[in-house]
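# Structural overview
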Amino acid sequence: MSKERIGILGGTFHPIHQGHLGMALAAMDTASLDRVLMLPDSVPPHKTNIAPAEDRWRMLVAATAGIKGLEPCRLELDREGTTYTYDTLVHLHEAFPKADLYYIIGADTLMQLHSWHRSEEVLGLCTFLVCPRACETPAAEMGAERKRLTALGGRFLSVNMDPINVSSTELRSALAEDRPTPLLPVTVREYCSLLGLCGAQTRIPEAAAWMPRLFADLNARRYAHTLGVAHSARALARNHGVDQRKAEIAALLHDCAKCLPLKEMQRIATENQLTRDSSVLSSGALLHAVAGAWMAEHVYGVSDPEILHAIAVHTTGAPGMSKLDMVVCLADKIEPGRETYPLLAKVRMMAPLSLERALTATLEGTVSYVEKGGKALHPETLQTLEWLRKKTESNGGGASAAESFTK
Ligand code: ATP
């Protein structure tokens, strides 16, 4: 069996950005790595005013969720005291004695290697994968340094990729000035803006207390999804004149019960007499919305009935649902990280234009998906569809939303 090839990308990740993700993926290709461990450092001695370690960790987990081969690793975060790459590499050799280790760096970091703790020993512990990056050092100087380190036993490979022109420093400035950040994952931008990290203004102060709980209760993909839904809900709310703060809070908490075991959801529902509907009680896919609204109120402390209602109806819909309800329901279906499904592109296009039409199309899609899977459809969804169609007809439109999209 060939040796496992493990990449390591250490960084402050304040915040993690597309440059980090892009270099990890390109390094994986160049050196045929089996996986890349992404290691946030704990207390970087030379950097001040850094976001708390656990926030940088949660942003990393959200940003890498669903990207095959990228694995967040807490090794340096959980170590007490100063973090040295030398110790990390020794530890990883002990943990994976049969693996070859590849340490991924940007070209700017190559010039700093000489100052690392036990730098000459570090050279013998891994192969360096060097990613191109614009920096002030002239190419000739960089080449000379690489030669010098190679003579000392260092092994270097250039990663085959176009430079990605971004840094955490630039992104923090953009967040501070509320400028667009196309090279920051949406989930990370949302996290920073909610909590006021990496230069952003705090948008929802309560979220600082909610995030650890949400993170503990949800798996990585669900957590990333939640941040994506909060981002989309806010954008849709702005488009349709709905309260953006309420939309963002409802979206953030809409799946707070989703990863609980069904038995726990059932306990919450029966002890608090949330529903007697046996079809809801027997299905986590339906019950998490009702249990989630209860948790939002009693665990997270949200008292606004409009927010709680939006959480409770986000899966089935409800006849007479408010615009806020529609925004949350739709954001759940169109957030940027959503896996594709028939009609997704059209629902995404339609949602900023007409909540009713986009929601009709989504629910029609749900009906055919549930029916194809041979599962029972909850009557509330059909009733909502009927209500939406009547509402659209009275506004002057006849055909179903899905039909009118495809015409
Ligand atoms: P800052 O601007 O705060 O210094 P950064 O964007 O350089 O942050 P770090 O977390 O310090 O991010 O970087 C970790 C590693 O990733 C370093 O080796 C750095 O050189 C490399 N790196 C970061 N961004 C890029 C990029 N866009 N292209 C290539 N390498 C990068």
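What counts and how
Residues numbered from 1 in each chain as written. Predicted model: local features only at pLDDT ≥ 70, side-chain atom pairs only at ≥ 80, totals over all residues. Heavy atoms only, no water. Helix = DSSP H or I, 4+ residues; strand = E, 2+ residues; numbered from the N terminus. Buried < 20%, exposed > 50% of the residue type's maximum accessible area, 1.4 Å probe, protein only. Contact = heavy atoms within 4.5 Å. Areas by Shrake-Rupley, 256 points an atom, 1.4 Å probe, with all protein chains shown as cover. Salt bridge = Lys/Arg side-chain N within 4 Å of Asp/Glu carboxyl O. Near = heavy atom within 4 Å. Polar contact = N/O pair within 3.5 Å; in protein donor to acceptor, adjacent residues only side chain to side chain. Domains from an automatic or database assignment. Buried area = accessible area lost by both parts, 1.4 Å probe. Nonpolar A, V, L, I, M, F, W, Y, C, P; charged D, E, K, R; others polar.

### Notes on the overall build of the protein
Looking only at helices and strands, the protein features 20 helices and 6 strands. Looking at the protein as a whole, 51% of its 407 residues are labelled buried. Residue pairs at least 24 apart in sequence account for 69% of intrachain contacts in the protein once pairs closer than 6 positions are excluded. As presented, the protein carries roughly 19,100 Å² of accessible surface, and 52% of it is formed by carbon and sulfur atoms.

### Observations concerning the pattern of salt bridges
Applying the stated criterion to the full structure yields 26 salt bridges. The salt bridge partner of Glu-206 is Arg-245, with a shortest N-O separation of 2.5 Å. Of this pair, Glu-206 sits in the loop between α8 (186-195) and α9 (207-217) while Arg-245 sits in helix α11 (residues 244-253), placing them 39 residues apart in sequence. On the accessibility criterion, Glu-206 (31% relative accessible area) is partly exposed. In this structure, a network of salt bridges that share partners links the residues Glu-4, Arg-35 and Glu-71.

### Focus on the site of the ligand
The environment of the ligand is formed by 21 residues, the closest being Asp-108, Thr-109, Ile-164, Ser-168 and Thr-169. Within the contact set of the ligand, an oxygen atom lies 2.8 Å away from a side-chain nitrogen or oxygen of Thr-109. In isolation the ligand has 600 Å² of accessible area, and contact with the protein removes 89% of it. At the level of secondary structure, the elements contributing two or more residues to the shell around the ligand comprise β1 (5-11), α1 (18-30), β4 (100-106), α4 (107-110) and α7 (168-176).

### What to know about the environment of His-91
Along the chain, His-91 falls in helix α3 (residues 85-95). For His-91, a relative accessible area of 38% corresponds to the partly exposed category. Between the C-alpha atom of His-91 and that of Ser-119, which follows or precedes it by 28 residues, the distance is 16 Å.

### Here we look at the domain arrangement of the protein
Accessible area lost on assembly of the parts is the figure often given for the size of an interface. As far as domains go, the protein holds domain 1 (4-166) and domain 2 (204-351). Relative placement of domain 1 and domain 2: their C-alpha centres are 37 Å apart. Counting from both sides, the interface comprises 6 residues of domain 1 and, opposite them, 8 residues of domain 2. Together, the buried faces of domain 1 and domain 2 total about 570 Å²; carbon and sulfur atoms form 80% of this surface. Counting the surface domain 1 buries against domain 2, the share from its top three residues, Arg-58, Val-61 and Ala-62, is 68%. Remark: the boundary between domain 1 and domain 2 carries 0 salt bridges. Linking domain 1 with domain 2 are 0 residue pairs in polar contact (both at pLDDT 80 or more). The residue inventory of the side of domain 1 that touches domain 2, partitioned by class, reads 4 nonpolar, 1 polar and 1 charged.

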